[in-house]
Amino acid sequence: MIELFLVFLVFGLLGVVLVFMNKLLGPKKPNPIKESPFECGSPYLQEGINPVPIMYYMVAFLFLLFDIEVVFFFPWALVFKEMGSTALVIMFAYIFVLVVGFVYAWKKGAFKWEL
Amino acid sequence: MNSFWALSPLLLVVLAALVVLLLEVFLKKETKDYLAYLSSLFLAGCGIILMIFWDKNYSYFDGNFLLDNLALVFSLLLTLATILVILISIKYISLQGANYGEYYALLLFALSGMLIMVSSQSLLIIFLGLEILSISSYSLAGLRRENPESSEAAIKYFLLGSFATAFLVYGLALMYGSTHSLEISSIIRFLTTGTHLNLMLLVGLGLIIIGFAFKIALVPFHMWTPDVYQGSPTPVTAFFSVGPKVVGFAVLLRIFHFYWETAFHTQTLMTALWVISVLTMVVGNLIALRQTNVKRILAYSSIAHAGYLLIALIAQDPTSLIFYLAVYLFMNIGAFTAVTSLGRKGKEYVELNDYSGIGFKYPWIGATFAVFLFSLAGFPPTGGFLAKFFVFASAVRKGFTPLVIIAVIASLISVFYYLRIIVTMYMKEPSPSMQILTRNPVLFSVLFLCLYGVLQLGIYPGNVLGFIRQAVAAMPLL
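Residues numbered from 1 in each chain as written. Chains lettered and ligands numbered in written order. Predicted model: local features only at pLDDT ≥ 70, side-chain atom pairs only at ≥ 80, totals over all residues.

(A) Quick peek at the overall build of chain A. Counting its secondary structure elements, chain A contains four helices and zero strands. For chain A, the N- to C-terminal ordering of α and β elements is α-α-α-α. With 115 residues in all, chain A has 0% of them scored as buried. (Helix = DSSP H or I, 4+ residues; strand = E, 2+ residues; numbered from the N terminus. Buried ≥ 20, exposed ≤ 12 C-beta atoms within 10 Å, placed from the backbone.)

Written out as structure tokens, the structure is:
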């Protein structure tokens with residue numbers, strides 16, 4: 001146990017040391033172009049970070065909603081016969097929560113692609 | 001007793017959240033006041049159910065979800081805190097550009113996560129509750145979307161919070177690896193029968209402590225606290241300063257209350273908690289001295305209070321821990337209510353200079369705020385004094401005198417910055433430009449309710465202490 005711990009400790013420390021050695025020993029000749037986030041030789045056209053449309057994330061969220069729903073259906077279908085009505089009640093409760101999420105997203109206009 | 005009814009408080013809260021979400025999208029009203037009243041109504045119902053369940057010990061999911069008296073006391077505290085926070089946000093969210101109906105739904109979801117945490121016996125389910133709480137909290141912190149500070153708070157809270165969660169999960173994995181169970185009772189049973197010291201278990205416990213230390217803002221895991229408290233909408237800050245702290249200590253209490261009596265009781269963890277407690281009190285109070293933003297002062301004060309609460313955990317005195325949490329709920333929500341009230345459309349007064357002369361300009365806000373600050377500093381006859389007194393007394397009885405001496409010195413330091421606010425409120429000329437919205441009856445009733453709570457717990461704590469003692473006596477062992 002201790003040996004394993006020591007191995008992790010030594011190699012972990014080695015990693016940290018190597019990262020910082022680079023910073024300590026390497027030559028440093030900074031200039032403004034080098035410091036800029038995108039170093040490509042030419043001055044950049046616009047400043048800072050602009051807001052990006054989040055439509056793609058919206059699609060990802062909704063995909064998660066429906067995808068996870070289906071994933072949970074499979075094990076449910078397998079045990080349905082043994083569990084009987086309890087399984088039905090549980091699944092309806094689950095679907096109810098998902099439907100509320102779906103209706104909420106719909107009414108909020110998450111399905112409209114235009115901004 | 002195994003009964004489906006054990007789930008009813010939780011289901012009621014989730015149902016309330018879903019109803020609020022649906023009403024928000026279908027009715028599309030300009031003012032969201034009705035949503036706040038509706039959610040408070042649901043929560044009041046939940047509180048009544050919790051009171052009916054007293055002494056009934058309902059459980060469900062094979063005992064994994066157990067509403068024992070301890071869970072009931074914590075659930076009641078959390079429900080009360082959420083109701084108060086909902087009521088003080090009614091005017092605030094429309095004034096400060098966070099007027100979304102989802103606000104209340106998120107608060108209710110966070111509450112449901114906390115209810116799961118305090119009443120669950122399995123660490124994995126506790127982790128699930130923690131995630132529900134955290135994800136709602138991240139969005140609540142960033143709810144003032146036009147405000148860059150609020151977005152900063154959300155992103156900081158999200159990054160550091162998920163980092164802390166990773167620690168917690170790693171701890172749980174190590175714990176499972178060494179004890180083959182994640183149920184608190186079987187872990188304790190394993191520890192009592194264990195024969196040799198297990199390094200993996202110790203590291204796991206340490207990582208679990210770190211995970212929760214992030215949530216309850218113990219030094220050195222407190223870095224996110226001031227920024228998040230400053231950037232979040234003020235009622236949400238009140239919620240953050242009370243809710244996660246109460247559940248964090250509830251879970252730590254459940255894990256550690258019996259830990260000290262087991263065969264694995266090592267000095268290492270005790271020393272670690274001792275050092276964390278000292279650091280939390282000293283660092284929290286010292287940094288608070290230099291702050292000029294009232295929300296940041298209160299943030300550091302809440303860090304310091306986490307240190308005092310940890311003393312109760314170290315001294316193994318659950319009664320005074322819960323009593324301290326109850327008092328802390330009233331005084332901290334009260335103080336943040338006073339801060340919330342000082343604002344008008346698009347403007348919040350949170351700098352110390354803004355508070356000059358408030359005591360005379362708005363006598364009720366000034367006077368109640370002063371009482372809450374006295375209570376936070378620990379002056380009699382407020383609840384803050386008794387809470388500190390009980391904690392320190394039981395720590396001295398258990399032989400932690402050096403710790404108590406440091407705690408007393410730390411709370412003496414804290415008097416300075418609490419009094420600084422009061423001095424600014426009463427001994428400086430009011431600035432003529434300061435103008436706030438005073439027609440806010442709901443907020444004022446919350447202010448007076450908190451005042452009542454602080455004084456009741458400070459002057460006549462017998463009833464509440466009796467309830468807490470009963471709850472602690474019924475703590476399930478093994």
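(B) Molecular detail of the overall build of chain B. Helix and strand counts for chain B come out as 19 helices and four strands. In terms of overall dimensions, chain B is globule-like: its C-alpha atoms have a radius of gyration of 21 Å, near the 23 Å expected for 478 residues. For chain B, the spread of C-alpha atoms along the three principal axes comes to 70 × 55 × 40 Å. Taken across its 478 residues, chain B has 54% of its residues classed as buried. A fraction of 80% describes how many contacts in chain B between residues 6 or more apart in sequence connect residues 24 or more apart. (Rg over C-alpha atoms; globule rule 2.2 N^0.38 Å. Contact = placed C-beta atoms within 7 Å.)

(C) Representation of the interface of chain B and chain A within the structure. Contact with chain B, which involves six residues of that partner, is made by seven residues of chain A. Split by residue class, the side of chain B that touches chain A holds six nonpolar, no polar and no charged. (Nonpolar A, V, L, I, M, F, W, Y, C, P; charged D, E, K, R; others polar.)

(D) The environment of B:Ala370, seen in detail. The topology assignment puts B:Ala370 in helix H15 (residues 363–377). Apart from the residues lying within four places of it in its own chain, the contact partners of B:Ala370 are B:Ile422 and B:Met425.

(E) Local environment of the confidence of the model for chain A. With 84% of its residues at a pLDDT of 70 or more, chain A has an overall mean of 81. Across chain A, element-level confidence peaks in helix H1 (residues 2–25) of chain A with a mean pLDDT of 89 and bottoms out in helix H2 (residues 32–35) of chain A with 75. (pLDDT = per-residue confidence, 0-100.)

(F) Just helix H17 (residues 401–427) of chain B, in detail. The first and last C-alpha atoms of H17(B) sit 38 Å apart over 27 residues, in line with the 39 Å expected at 1.5 Å per residue. Of the positions making up H17(B), those classed as buried are B:Leu403, B:Ala407, B:Ala410, B:Ser411, B:Ser414, B:Tyr417, B:Tyr418, B:Ile421 and B:Met425. (Expected span 1.5 Å × (residues − 1).)

(G) A look at the nonpolar core. Residues and elements named next belong to chain B. Among the nonpolar cores identified, the biggest contains 171 residues, and Leu77, Leu107, Tyr324 and Leu325 are the most heavily contacted of them. Of the residues forming this core, the biggest block, 19 residues, is contributed by helix H3 (residues 69–95). Sequence-distant contacts of Tyr324, that is, excluding residues within four places in its chain, are made with Tyr308, Leu309, Ala312, Ala387 and Val391. (Core = buried A, V, L, I, M, F, W, Y, C linked by C-beta atoms within 7 Å.)

(H) Spotlight on the environment of B:Ser119. Residues and elements named next belong to chain B. Inspection of the secondary structure puts Ser119 in helix H4 (residues 102–119). As for Ser119 and Phe65, which are separated by 54 residues in sequence, their C-alpha atoms are 5.8 Å apart. Apart from residues lying up to four places away in sequence, Ser119 is in contact with Phe65, Leu66, Leu67, Ala71 and Ser75.

(I) Highlighting helix H18 (residues 441–459) of chain B. All names here are of chain B. Over its 19 residues, H18 runs 27 Å from end to end, which matches the ideal 27 Å to within 8%, given 1.5 Å per residue. Along H18, the residues that are buried comprise Leu443, Val446, Leu447, Cys450, Leu451, Gly453, Val454, Leu457 and Gly458. Taken end-on, H18 shows its buried residues confined to a sector of 155°, consistent with a single buried face. Pointing more than 90 degrees away from the buried face of H18 are the exposed residues Pro441, Tyr452 and Ile459. (Arc of directions from axis to C-beta.)

(J) Geometry of unusual backbone geometry. Residue and element names in this part refer to chain B. Cis peptide bonds are those with omega within 30 degrees of zero, and the linkage from Val219 to Pro220 qualifies with 5°. Its location among the elements puts Pro220 in the loop between helix H8 (199–215) and helix H9 (224–231). Cis geometry is adopted by the peptide bond preceding Pro381, which originates at Pro380 and carries an omega value of 5°. Looking at the secondary structure, you find Pro381 in the loop between H15 and helix H16 (383–397). Not every positive phi belongs to a glycine, and Ala217 is a case in point at roughly 60°. Within the fold, Ala217 resides in the loop between H8 and H9. Taking the C-beta count within 10 Å as the criterion, Ala217 has 29 such neighbours and is therefore assigned buried. The phi dihedral of Gln316 falls on the positive side, at around 55°, and the residue is not glycine. With respect to the secondary-structure elements, Gln316 resides in the loop between helix H12 (294–314) and helix H13 (318–341).

(K) Inspection of the environment of B:Asn64 at higher detail. Residue and element names in this part refer to chain B. Locating Asn64 in the fold gives a position in the loop between strand E1 (58–60) and strand E2 (65–67). Linking Asn64 and Ser119, residues 55 residues apart in sequence, is a C-alpha distance of 8.4 Å. Asn64 has contacts with Ser120, Gln121, Ser122 and Ile125, leaving out every residue within four places of it along the chain.

(L) Layout of the confidence of the model for chain B. Mean pLDDT over chain B works out to 90, with 98% of the residues at or above the 70 mark. The ipTM assigned to the predicted complex is 0.79, against a pTM of 0.89.

(M) Region of the structure containing the packing of helix H1 (residues 8–27) of chain B against helix H2 (residues 33–52) of chain B. Residues and elements named next belong to chain B. Running from N to C, H1 and H2 point in directions that differ by 170°, and their axes come no closer than 9 Å. Here H2 runs roughly antiparallel to H1, going by the angle between their axes. Where H1 abuts H2, its residues Ser8, Pro9, Leu12, Val13, Ala16, Val20, Leu23 and Glu24 lie against Leu35, Leu38, Ser39, Phe42, Leu43, Gly45, Cys46, Ile49 and Leu50. Here the residues of the contact of H1 with H2 are counted per class, giving 13 nonpolar, three polar and one charged. (Axes fitted to C-alpha atoms, helices over the stretch in contact; angles between N-to-C directions. Parallel < 35°, antiparallel > 145°, perpendicular 65-115°, else oblique.)

(N) Fine view of the packing of helix H6 (residues 148–179) of chain B against H8(B). Residues and elements named next belong to chain B. Two elements in contact, H6 and H8, have axes whose closest approach is 7 Å; the angle formed by their N-to-C orientations is 155°. Relative to H8, H6 is oriented roughly antiparallel. The two elements H6 and H8 cross, and the hand of that crossing is left-handed. Looking at the contact of H6 with H8 residue by residue, the classes come out as 15 nonpolar, eight polar and one charged. (Left-handed = near helix turned anticlockwise from the far one by under 90°.)

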